[in-house]
Amino acid sequence: MAEYLVERYVSRRDAADVAVGVERARREAERMSSKDVRVRLVRSIFVPEDETCFYLYEADSVDAVLEAARRADIRIDRIAETAAGLADLV
């Protein structure tokens with residue numbers, strides 16, 4: 001599976017909603033995976049100073065990530081496939 005990094009800009013005023021959004025993202029990825037679409041939310045990182053939330057997904061395709069985010073009502077401001085395995089080097 002490939003890895004995809006999703007960026008979402010979140011106002012500091014909406015910081016309380018980040019945890020709710022992450023839970024929805026995780027739940028929808030799990031639902032899709034139970035229906036033979038391989039997509040998994042690996043982790044999320046919220047950087048309030050930059051008003052950015054990152055979601056790291058593993059999935060068979062970018063379309064699976066986009067669909068999981070759509071179902072979770074997560075707006076995607078940017079998405080990119082990562083160089084999988086490089087994080088393990090640091």
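For the structure itself, consult the block above.
Residues numbered from 1 in each chain as written. Predicted model: local features only at pLDDT ≥ 70, side-chain atom pairs only at ≥ 80, totals over all residues. Heavy atoms only, no water.

J.: Would you mind going over the overall build of the chain in detail, with residue names and values included?
T.: If you tally the helices and strands in the chain, you get 2 helices and 4 strands. Written out in order from the N terminus, the α and β elements of the chain read β-α-β-β-α-β. Computed over the C-alpha atoms, the radius of gyration of the chain is 13 Å, within 12% of the 12 Å expected from 2.2 N^0.38 for a compact globule of 90 residues. Expressed as lengths along the three principal axes of its C-alpha atoms, the size of the chain is roughly 35 × 30 × 15 Å. Looking at the chain residue by residue over its 90 residues, the buried ones come to 33%. (Helix = DSSP H or I, 4+ residues; strand = E, 2+ residues; numbered from the N terminus. Rg over C-alpha atoms; globule rule 2.2 N^0.38 Å. Buried < 20%, exposed > 50% of the residue type's maximum accessible area, 1.4 Å probe, protein only.)

J.: Go over the pattern of salt bridges, please, and point to the residues and values.
T.: What the rule picks out here adds up to 7 salt bridges. A salt bridge links Glu7 to Arg78, with the nearest nitrogen and oxygen atoms 3.0 Å apart. One end of the pair, Glu7, is in strand S1 (residues 2–9); the other, Arg78, is in strand S4 (residues 78–81), with 71 residues separating them in the sequence. On the basis of relative accessible area, Glu7 is assigned to the buried category, the value being 12%. Judged by relative accessible area, which is 46%, Arg78 ranks as partly exposed. Glu28 is the partner of Arg31 in a salt bridge, and the nearest nitrogen-oxygen pair spans 2.8 Å. Of this pair, Arg31 and Glu28 are both found in helix H1 (residues 17–33), 3 residues apart, which corresponds to roughly one turn of the helix. Its relative accessible area of 9% is what places Glu28 among the buried residues. (Salt bridge = Lys/Arg side-chain N within 4 Å of Asp/Glu carboxyl O.)

J.: Tell me what's going on with the sheet that holds S4, and back it up with residues and numbers.
T.: Pairing within the open sheet is antiparallel, and its 4 strands lie in the order S2-S3-S1-S4. Among the strands making up the open sheet, the edge pair consists of strand S2 (39–47) and S4. Going across the sheet, the axis of each strand differs from the next one's by a mean of 20°, ignoring polarity. With 4 bridges joining them, S1 and S4 adopt antiparallel strand pairing. Within the sheet, the bridge partner assigned to Tyr4 lies in S4 and is Glu81. (Pairing = 2+ DSSP bridges. Axes fitted to C-alpha atoms, helices over the stretch in contact; angles between N-to-C directions.)

J.: Quick rundown of the pairing of strand S3 (residues 52–59)? Include the residues and the values.
T.: In terms of burial, S3 is largely enclosed, as 7 of its 8 residues are buried. Count of turn residues in the S2/S3 antiparallel hairpin: 4 residues, of which Glu51 carries a positive phi of about 50°.

J.: Quick one: what's the story with H1, residue by residue and with numbers?
T.: Helix length check: H1 (17 residues) gives 24 Å between terminal C-alpha atoms against 24 Å at 1.5 Å per residue, within 8%. Every buried residue of H1 is accounted for by Val18, Gly21, Val22, Ala25, Glu28, Ala29 and Met32. The buried residues of H1 all sit within an arc of 135° when viewed along its axis, so they share a single face. Those residues of H1 that are exposed and angled more than 90 degrees off the buried face are Ala19 and Glu30. Considering only its buried residues, H1 is in contact with S2, S3 and helix H2 (62–71). (Expected span 1.5 Å × (residues − 1). Arc of directions from axis to C-beta. Contact = heavy atoms within 4.5 Å.)

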